[in-house]
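Architecture at a glance
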Amino acid sequence: SIVAEAPLKAFKLTRENFVALKLTDKLQFVNRKAVGGGAQGAAKTKAPSPKTEEERRHIAEALRGNANLQSVVALDDDRIQQMIDIMWKECVAKGTEVIKQGDLEADYF
């Protein structure tokens, strides 16, 4: 499980957009049914949030620097920018359980 230790903003990506970007073909998460095709319920979605250039750089650096992600896929600049384009900000209060181990309805990636 992941629990926010302080208020944070997280960017979200819908399953529909995850599939449209063909990330299902590129990413394999062992025993991660919520990402790999688990629950097919409709996730709550929002319109993409505007992002500053600084935010875009920060997100891109985080994606490129994520050793776990890079161990399963090499994201090119175009795919990273497409992911950033469709993300929206989600404000999360301190103490909120962001991802719970075994949660098949998880929509944070």
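The shown structure was predicted, so the numbers you read here are calculated from the model rather than taken from an experiment.

**Looking at the confidence of the model for the protein**
Mean pLDDT for the protein: 77, with 77% of residues reaching 70 or above. Across the protein, the element-wise mean pLDDT spans from 42 in helix α3 (residues 33-36) up to 94 in helix α4 (residues 53-65). Within the model, pLDDT remains below 50 along residues 30-40, and this stretch shows 21 contacts once partners closer than five positions in the same chain are excluded.

**Let's talk about the pattern of salt bridges**
Tallied over the full model, the rule gives 4 salt bridges. Among the ionic pairs, Lys46 bridges to Glu90, the shortest N-O distance being 3.4 Å. Of this pair, Lys46 sits in the loop between α3 and α4 while Glu90 sits in strand β3 (residues 88-92); the two residues are 44 residues apart in sequence, bridging distant segments of the chain. The buried category is assigned to Glu90, whose relative accessible area is 15%. The partner of Arg56 in a salt bridge is Asp85, with the nearest N and O atoms 2.7 Å apart. Highlighted residues: Arg56 in helix α4 and Asp85 in helix α6 (residues 77-86), separated in sequence by 29 residues. Residue Arg56 is classed as buried on the basis of its relative accessible area of 16%.

**Concerning α6**
Considered for burial, the residues of α6 that qualify are Arg79, Ile80, Met83 and Ile84. Along α6, the residues classed as buried sweep out an arc of 135 degrees about the axis, all on the same side.

**Details of the environment of Asp76**
Within the secondary structure layout, Asp76 lies in the loop between α5 (67-70) and α6. Taking the C-alpha atoms as reference points, Asp76 and Arg64, separated by 12 residues in sequence, lie 9.0 Å from one another.

**Observations concerning the pairing of β3**
The two faces of β3 differ: Trp88, Glu90 and Val92 on one face are buried, but Lys89 and Cys91 on the other face are not. Direction of pairing for strand β2 (residues 8-12) relative to β3: antiparallel, over a ladder of 5 bridges. Among the inter-strand pairings, Lys12 is bridged to a residue of β3, identified as Trp88.

Conventions used here
Per-chain numbering applies: the sequence of each chain, read as written, is numbered from 1 onward. Given that the model is predicted, a residue must reach a pLDDT of at least 70 before its local features are reported, and side-chain atom pairs must reach 80 or more before they are shown or counted; all residues, however, enter totals for whole chains, interfaces and linings. Values shown for side chains rest on all heavy atoms present in the structure; no hydrogens or waters enter the calculation. Confidence of the predictor at the level of single residues is captured by pLDDT, which takes values from 0 to 100. Numbered from the N terminus, helices here are DSSP runs of H or I no shorter than four residues, and strands are runs of E no shorter than two. Two residues form a contact once any of their heavy atoms are found within 4.5 Å. The salt bridge definition used is simple: a Lys or Arg side-chain nitrogen within 4 Å of an Asp or Glu carboxyl oxygen. Only protein chains enter the area calculation, which uses a 1.4 Å probe; residues under 20% of their type maximum are buried, those over 50% are exposed, and those in between are partly exposed. In this description, the arc belongs to the directions extending from the helix axis to the C-beta atoms. Any two strands with at least two DSSP-identified bridges between them are counted as paired.

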